[in-house]
Amino acid sequence: MKNINLKEIDGKRFRRQYFTFIIYILLSFMIFLPYCMTVSKLIYCDFDSSMILYDVLTTVIVCFIAQLPFIVLAILNRFCFGKIICVANEQGIYHKNGFVAWKDITRIEYEFQSPTKYRMYPSYAFIYTNDEDKTVQITHAPMYLLKYAKRIKPNIETKITKDSKRSLLIFTLIMVIAVPLIMLLDNN
């Protein structure tokens, strides 16, 4: 059952998402910029608590306006255009290399799209089955596949991979620690 034509299968179509990474980056700015401004004001002794809400609201509004076209494109991408990655229906999940029945799926793990110095690694959905030797890897799978799987079969374990959680934690810690250090070094 190789090279299935996913356009001919009835069910929920999951398309490659081209804009979600940009949306997540802009969302992180919504959190990160007010943090930077607050730390800067604390270090440079220019802290005014009444201005924090103004700074946060300004940042959120600017980031939201910057995100708006990408949000619209992401919605259109989800329903109208983009390469179909897999199709799920009451029987299971069809992907380009075959089919996995819901009754055979034990868990689905999701790994975030991640950039490195030289290339961008795609997101993955790892589908683990009753057969220990058979793990299906769906490249460019959208994260909402996990939510859909939970809705169809509530006893399926769905989670984010440990590597993705670790990467997010390391990135967050570096940003939280690096900003004050850089500003302190610059202040001296």
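Residues numbered from 1 in each chain as written. Predicted model: local features only at pLDDT ≥ 70, side-chain atom pairs only at ≥ 80, totals over all residues. Heavy atoms only, no water.

Trainee: Explanation requested: the packing of aromatic side chains in the structure shown.
Mentor: Centre distance and the angle of the planes are the two values used to describe a pair of aromatic rings. Scanning the entire structure with this criterion turns up six aromatic pairs. Judged by centre distance (4.4 Å) and plane angle (45°), the ring pair of Tyr94 and Phe99 falls under tilted. Residue classification places Tyr94 among the buried residues on the basis of a relative accessible area of 16%. An angle of 25° between the planes, with centres 5.7 Å apart, marks the rings of Tyr124 and Phe126 as stacked. The exposure classification of Tyr124 matches that of Phe126, with both residues buried. Cluster of aromatic residues (ring-pair linked, three or more members): Phe14, Tyr144 and Tyr148. Between Arg78 and the ring centre of Tyr144, over which it is positioned, the NZ or CZ distance is 3.5 Å. A cation over a ring is seen here: Arg107 above Tyr128, with NZ or CZ 3.8 Å from the ring centre. (Phe/Tyr/Trp six-rings, centres within 6.5 Å; stacked < 30°, edge-to-face > 60°. Buried < 20%, exposed > 50% of the residue type's maximum accessible area, 1.4 Å probe, protein only. Lys NZ or Arg CZ within 6 Å of the ring centre and 35° of its normal.)

Trainee: Sorry if this is basic, but what is going on with the nonpolar core here?
Mentor: Generally speaking, nonpolar side chains in soluble globular proteins are found buried as a group. Core analysis: the biggest nonpolar cluster contains 22 residues, and Ile93, Trp102, Ile105, Ile108, Ile127 and Ile138 have the highest contact counts within it. Secondary-structure elements contributing two or more residues to this core are β2 (84-88), β5 (105-111), β8 (124-129), β9 (135-139) and α3 (144-152). For this core, the leading source of residues is α3, giving five residues. In this structure, Ile127 is in contact with Ile93, Val100, Ile105, Arg107, Ile108, Lys134, Thr135, Val136 and Ile138, ignoring residues within four places of it in sequence. Core analysis: the second largest hydrophobic core is formed by six residues, Ile4, Ile9, Ile84 and Tyr94 among them. (Core = buried A, V, L, I, M, F, W, Y, C linked by side-chain atoms within 4.5 Å. Helix = DSSP H or I, 4+ residues; strand = E, 2+ residues; numbered from the N terminus. Contact = heavy atoms within 4.5 Å.)

Trainee: I would appreciate a short explanation of the sheet that holds strand β1 (residues 12-15) in the present structure.
Mentor: Pairing between the strands of a sheet comes from backbone hydrogen bonds, and it takes one of two forms, parallel or antiparallel. The antiparallel open sheet is built from four strands, whose spatial order is β1-β2-β3-β4. One side of each edge strand has no neighbouring strand; the edge strands of this open sheet are β1 and β4 (98-101). Taking the axes of each pair of neighbouring strands and ignoring which way they run, one obtains an average angle of 20° across the sheet. Pairing of β2 with strand β3 (residues 92-95), which is carried by three bridges, proceeds in the antiparallel orientation. When the bridges of β3 are listed, Val87 appears paired with Tyr94. The sheet contacts of α3 involve β1, β2 and β3, and relative to β1 the element is tilted by about 160°. (Pairing = 2+ DSSP bridges. Axes fitted to C-alpha atoms, helices over the stretch in contact; angles between N-to-C directions.)

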